[in-house]
Amino acid sequence: MLNRRQHLGLWAAMLSAPLLRALEPAESLDLSPASAWLRGGSVQLKRWLADPAALQLQLCYTRVIDGKPQPTRYFRKDAHWFAAASLVKLPLAAFVLEQLEAKGLDFRRLDIAFPDMPDCAERAAELRKPQPIARVLERALVQSDDSSYCALYDFLGPKLIEERFAELGDIGVRIQARFGSCGPEGSRVAAGYVLSENGKLVSVRPALASRPLKRSAAPIRVGKAWRSGNQLIQGAKDFSDSNTLPLSVAHRLLIALSYPDAMPAAARFNLSETARLELLRLLRAAPAQTQYLSPAEQKQPPHAFRLLGAGDGRWPNGLQICGKVGWAYGFLSDVAHLKDAEHECFISCASYLNADQVLNDGVYEYDSIGRPLMAELGRLLLAQSPALIK
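As the structure is a prediction and not an experimental result, all values here were calculated from the model.

Undergrad: What is the right way to read the overall build of the protein chain from this model?
TA: Along the protein chain, the regular secondary structure elements total 11 helices and 15 strands. Taking 21 Å as the expected radius of gyration for a compact globule of 390 residues, we find that the protein chain reaches 22 Å, a close match to that expectation. Across its three principal directions, the C-alpha atoms of the protein chain cover 80 × 50 × 50 Å. For the protein chain, the residues scored as buried account for 51% of the 390 residues in total. Of the contacts made within the protein chain by residues no fewer than 6 positions apart, 66% connect residues no fewer than 24 positions apart. Between the averaged position of the 47 positive side-chain charges in the protein chain and that of its 40 negative side-chain charges there is a distance of 3 Å.

Set out below in structure tokens:
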């Protein structure tokens, strides 16, 4: 028989169990040099991973077994802010298609122009002329083109972007700047646009009202100096109002796009199957498999915009990669779905590779450390991700 004290203790434990489970940290991934995950890894890889904090390394890893994503494991989950750069093009492309389909419009038949796009936007003159939305999407997701990102950003506007992320439950996201020389302050007004089909007007939206900038709760400062043109400015660069997309969020968004049924309804994109499959096709495409890239761009190697699994140019036979990479200011990141005949997983990784701590000088360790590290790490983790339970 239990005495009164034991009964009370048992009830307290039962009542607190759900709370304790909710407070438990996400399952971690051990990437220490001696871990089983790195068995078979190179000496160089283990040396880099011996001090992950020095590289500000963070990683998300989700096995897919029998066609079902398993619980995600994390290594230093969202431990550092990083410049998400082109990673933001993935959700914005999906949001654009959501908006068009909600209006009953077929993105494959539409052209878009931004007559009042400000000069600070990347290749603003090009954006002022009509171009197929299919071209915008292809160049944004395959070539990682910054001008096409500006088209996505201005079509949506920062308010709608913020609201859509909030609906998905991702309140830690902040996307409020074009690429180019606008910066957050110069991106507060989203340019108006004109939609047309075969030269006939479909709709017009004027420029959106300016909105206040959102800043991080704590200052985000990186480096010890940074270049602006020919000028070297001493001191850390302030990113407190810059675009922010936590790696764990980007990781979940790619899973939601690839396996929507694995997500709660509120966390899925509102896309037709046609639109969803088109985005995945673009995220898998090599430059040579495109319609709107220039002949010179189409000659880029398949691994030009790949990191995890193949960023070092060694592309294993049968490996399929679907994802998006980003690099800026010494930050290198990738969100990828890797798959071969017997293995499948999602891996997202970010690191900081800027030994001299000078930003915008073009001197980063992308090729000497970043690409070989991510390529080997991707292959190792994929090899430990059996796609079927035998």
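Undergrad: Sorry, what's going on with the nonpolar core here?
TA: One broad rule of soluble globular proteins: the nonpolar side chains tend to lie buried together. Ranked by internal contacts, the top residues of the largest apolar core, which has 83 residues, are Leu 92, Leu 100, Phe 155, Ile 175, Leu 245 and Phe 269. Apart from the residues within four sequence positions on either side, Phe 155 is in contact with Val 96, Gln 99, Leu 100, Ile 112, Phe 114, Tyr 193, Leu 195 and Arg 205. One finds Leu 38, Leu 332, Leu 373 and Met 374 within the second-largest nonpolar core, a separate group that totals 36 residues.

Undergrad: Looking at this model, I keep getting lost on the pattern of salt bridges. Mind explaining?
TA: Note that side chains of opposite charge can pair when their charged atoms are close. This model, assessed by the stated rule, comprises 23 salt bridges. One salt bridge connects Lys 89 with Asp 146, and the closest N-O pair in it is separated by 3.0 Å. Of this pair, Lys 89 sits in helix α3 (residues 89-102) while Asp 146 is found in helix α6 (residues 146-156), placing the two residues 57 residues apart along the sequence. Here the salt bridges share partners, and the residues they tie into one network are Arg 123, Glu 126, Arg 135, Arg 139, Asp 145 and Glu 297.

Undergrad: Even after reading the chapter, I still don't get empty space enclosed by the protein, so can you show me in this structure?
TA: Taking a probe equal in size to a water molecule and rolling it over the atoms shows the remaining empty space. Enumeration according to the criterion identifies three cavities of 30 Å³ or more in this entry. Taken together, 14 residues make up the lining of the largest cavity; nearest its centre are Leu 141, Val 142, Ala 285, Phe 305 and Arg 306. A total of three residues in the lining of the largest cavity trace back to one element, the largest contributor, which is strand β12 (residues 320-328). Counted by class, the lining of the largest cavity contains 10 nonpolar, two polar and two charged residues. Approximately 50 Å³ is the volume attributed to the second largest cavity. Counting only elements with at least two residues in the lining of the second largest cavity, the list comes to α5 (133-141) and α6. Element by element, the count of residues in the lining of the second largest cavity is highest for α6, at three residues.

Undergrad: Got a minute to help me understand the packing of aromatic side chains in this structure?
TA: Centre distance and the angle of the planes are the two values used to describe a pair of aromatic rings. Taken as a whole and assessed by the stated rule, the structure comprises 14 aromatic pairs. Taking the centre distance of 4.8 Å and the plane angle of 20° together, the rings of Phe 155 and Tyr 193 count as stacked. With Phe 155 in helix α6 and Tyr 193 in strand β6 (residues 193-197), the pair connects residues that are 38 residues apart, well separated along the chain. Given the relative accessible area of 5%, Phe 155 is considered buried.

Undergrad: I tried to follow the sheet that holds strand β9 (residues 225-228) on my own but got confused; where do I start?
TA: Within a sheet, each strand pairs with its neighbour through backbone hydrogen bonds, oriented either parallel or antiparallel. Pairing in this open sheet of three strands is mixed, and the strands run β10-β9-β15 from one edge to the other. Strands with a single pairing partner mark the edges of an open sheet, and in this sheet they are β10 (231-234) and β15 (358-359). In this structure, β9 lies alongside β15, joined through two bridges in parallel fashion. Along β15, the bridge assignment pairs Trp 226 with Leu 359.

Conventions used here
- Residues numbered from 1 in each chain as written.
- Predicted model: local features only at pLDDT ≥ 70, side-chain atom pairs only at ≥ 80, totals over all residues.
- Heavy atoms only, no water.
- Helix = DSSP H or I, 4+ residues; strand = E, 2+ residues; numbered from the N terminus.
- Rg over C-alpha atoms; globule rule 2.2 N^0.38 Å.
- Buried < 20%, exposed > 50% of the residue type's maximum accessible area, 1.4 Å probe, protein only.
- Contact = heavy atoms within 4.5 Å.
- Lys, Arg positive; Asp, Glu negative; His and termini not counted.
- Charge placed at Lys NZ, Arg CZ, Asp CG, Glu CD.
- Core = buried A, V, L, I, M, F, W, Y, C linked by side-chain atoms within 4.5 Å.
- Salt bridge = Lys/Arg side-chain N within 4 Å of Asp/Glu carboxyl O.
- 1 Å grid on protein atoms, 1.4 Å probe; cavity = no way out; pocket = protein on both sides within 12 Å on 5 of 7 lines; lining within 4 Å.
- Points joined across faces, edges and corners; volume = space filled by probe spheres on them.
- Nonpolar A, V, L, I, M, F, W, Y, C, P; charged D, E, K, R; others polar.
- Phe/Tyr/Trp six-rings, centres within 6.5 Å; stacked < 30°, edge-to-face > 60°.
- Pairing = 2+ DSSP bridges.

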